[in-house]
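# Working through the structure, step by step
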Amino acid sequence: MQIVDNIELDPVGSRLLADLITCALPPGSQIREASAAERYETSRTKVREALVILAGKGFVQLEKNKGAVATPIDAATVFSVFEARISAEKTAAALAAVRANQDDKETLKAYLEELRDARAANDEDTFFAIDRSVHDAIATMSRNPFIVTQVNNMRAHTMRCWHFYRELGLTENPDFAGVNAIIKAVLAGDPKKSAGHMHTHLAKNLQEYNDMLAQQFQALNWV
C-alpha cells in the first residue's frame with residue numbers, strides 16, 4: 001500500500017489504516033479496541049490513540065456508546081472525496097507549474113519517458129505506479145505542506161473507495177494522455193493548463209465510478 005506511506009502514523013496506525021483502505025475492516029463495521037489490540041499485537045491505548053487520529057482524517061467515526069466504526073462508503077462519499085481531491089490537486093498542479101525547480105523538472109521529464117515506454121508496452125501496472133508517483137511529485141512541488149497533507153489524505157480515501165467498489169464492477173482505465181498533458185503543462189510553467197489537465201484527469205476517474213453506479217441502478221430494472 002504505497003499510498004499509506006504518505007500519511008504520518010505510527011506502525012499501529014499504519015496497519016490499521018491499511019486495513020481500512022483495503023476494506024479488511026469493512027465500511028460500517030465496529031472496531032473493538034480489545035480485538036484490534038490483539039490483531040495488531042499492541043495495547044488498547046495504542047489502538048485508541050490511532051483511532052482518534054484516523055477519526056480526524058475521516059477514516060473512522062467515534063460514536064457515543066458504540067465506540068469506533070469504520071466510516072461507511074456510499075455514492076455520496078465518492079463524490080465528496082473527489083470534490084475535495086480535485087480542488088486540492090488542481091491547486092497543487094498550478095503551484096507546481098510556477099514553483100518547480102530544475103531538479104523537479106528533470107524528475108518530471110524522466111516520468112514522461114517512463115510513460116512513453118509503458119504506453120508502448122501497454123503496461124497498465126507500470127502506468128498506475130507512475131501515476132501515483134506523478135501525483136506525489138506534483139503535490140510536493142507545490143511547496144505547500146497543507147496541500148500535500150490534503151492530497152495524501154484524499155488519495156487514501158480514493159483508494160478505499162476503489163477497494164470497496166471494485167467488487168461491484170468498478171474498472172480503472174489508464175489515462176496515459178491525461179498524465180502526459182499534466183506533466184507537459186507543469187514543465188511549460190503554465191498554471192492554468194496544469195490545473196485544467198489535472199481536473200480533466202481526475203474527472204475521468206470519477207466518471208468511472210459514475211458509470212459503475214449507473215450500471216448498478218440499471219440492473220434494478222430487472223430485479
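Structure shown above.
Since the model is a prediction, treat every value here as computed from it, not as a measurement.

### Section: the packing of aromatic side chains
The final tally for this structure, using the stated rule, is five aromatic pairs. Plain terms: the ring middles of F127 and F128 are 5.1 Å apart, the flat faces sit at 70° to each other, and that makes the pair edge-to-face. Their ring planes at 90° and their centres at 6.3 Å tell us that Y165 and Y209 sit as a pair that is edge-to-face. Remark: Y209 occurs in helix 9 (residues 191–219) and Y165 occurs in helix 7 (residues 145–165); sequence separation between them is 44 residues.

### So, helix 8 (residues 176–187)
The end-to-end C-alpha separation of helix 8 is 17 Å, in line with the 16 Å expected for twelve residues at 1.5 Å each. Of the positions making up helix 8, those classed as buried are F176, G178, V179, I182, I183, A185 and V186. The positive-phi residue at the C-terminal boundary of helix 8 is G189, with phi of around 70°.

### Quick word on the nonpolar core
Nonpolar side chains tend to gather and get buried jointly when the protein is soluble and globular. Formed by 29 residues in total, the largest nonpolar core has its most connected members in Y111, L115, V134, I138 and I183. Secondary structure elements with two or more residues in this core: helix 4 (75–99), helix 5 (102–120), helix 6 (124–141), helix 7, helix 8 and helix 9. Considering each element in turn, this core owes the most residues, eight residues, to helix 6. If sequence neighbours within four positions are ignored, L115 has contacts with F127, I130, F176, V179, N180 and I183. Of all hydrophobic cores here, the second largest spans 20 residues; its members include V12, L16, L25 and L51.

### Overview of the pairing of strand 3 (residues 67–70)
Two strands pair when backbone bridges link them, and strand 1 (residues 30–31) and strand 3 are joined in this way by two bridges, in the antiparallel orientation. What sits directly across from I31, in strand 3, is A68. One ladder, built from four bridges, connects strand 2 (residues 60–63) with strand 3; its direction is antiparallel. Bridging across to strand 3, E63 finds its partner in G67.

### Here's the deal with helix 6
For an α-helix the count is 3.6 residues per turn, leaving residues at separations of three or four pointing the same way. Taking 1.5 Å per residue as the helical rise, helix 6 with its 18 residues ought to reach 26 Å, and the 25 Å between its terminal C-alpha atoms agrees with that figure. Of the residues one or two after helix 6, R143 is the one with positive phi, at around 60°.

### Let's talk about the packing of helix 4 against helix 7
Running from amino to carboxyl end, helix 4 crosses helix 7 at an angle of 145°, the nearest separation of the two axes being 9 Å. Viewed along their axes, helix 4 and helix 7 form a crossing whose handedness is left-handed. In contact with A75, T77, V78, V81, F82, A84, R85, A88, E89, T91, A92 and L95 of helix 4, helix 7 contributes I147, Q150, V151, M154, R155, H157, T158, C161 and Y165. Split by residue class, the contact of helix 4 with helix 7 holds 13 nonpolar, five polar and three charged.

### Observations regarding the sheet that holds strand 1
Taken together, three strands build an open sheet; the order of strands is 1-3-2 and the sheet is antiparallel. In this open sheet, the two strands that pair with only one neighbour each are strand 1 and strand 2. Each of strand 1, strand 2 and strand 3 touches helix 3 (residues 44–56); the most contacted strand, strand 2, lies at about 110° to it.

### Digging into the pattern of salt bridges
Pairing between side chains becomes possible if they bear opposite charge and their charged atoms approach one another. In total, this model carries ten salt bridges according to the counting rule given. A salt bridge links R143 to D104, with the shortest nitrogen-to-oxygen separation between them at 2.7 Å. Of this pair, R143 sits in the loop between helix 6 and helix 7 while D104 sits in helix 5, and the two are 39 residues apart along the sequence. A relative accessible area of 40% means that R143 is categorised as partly exposed. E106 is the partner of K109 in a salt bridge, and the nearest nitrogen-oxygen pair spans 3.6 Å. Of this pair, K109 and E106 both sit in helix 5, three residues apart, which is roughly one turn of that helix. On the basis of relative accessible area, K109 is assigned to the partly exposed category, the value being 39%. Each of E33, R44 and R48 takes part in one network of salt bridges that share partners.

### Digging into the environment of A97
Topologically, A97 is positioned in helix 4. Overall, A97 belongs to the buried group, its relative accessible area being 7%. Separated by 86 residues in sequence, A97 and I183 have C-alpha atoms that sit 9.2 Å apart. Once residues within four sequence positions are removed from consideration, A97 is found in contact with A185, V186, G189, D190, P191 and S194.

Rules behind the numbers
Residues numbered from 1 in each chain as written. Predicted model: local features only at pLDDT ≥ 70, side-chain atom pairs only at ≥ 80, totals over all residues. Heavy atoms only, no water. Phe/Tyr/Trp six-rings, centres within 6.5 Å; stacked < 30°, edge-to-face > 60°. Helix = DSSP H or I, 4+ residues; strand = E, 2+ residues; numbered from the N terminus. Expected span 1.5 Å × (residues − 1). Buried < 20%, exposed > 50% of the residue type's maximum accessible area, 1.4 Å probe, protein only. Core = buried A, V, L, I, M, F, W, Y, C linked by side-chain atoms within 4.5 Å. Contact = heavy atoms within 4.5 Å. Pairing = 2+ DSSP bridges. Axes fitted to C-alpha atoms, helices over the stretch in contact; angles between N-to-C directions. Left-handed = near helix turned anticlockwise from the far one by under 90°. Nonpolar A, V, L, I, M, F, W, Y, C, P; charged D, E, K, R; others polar. Salt bridge = Lys/Arg side-chain N within 4 Å of Asp/Glu carboxyl O.

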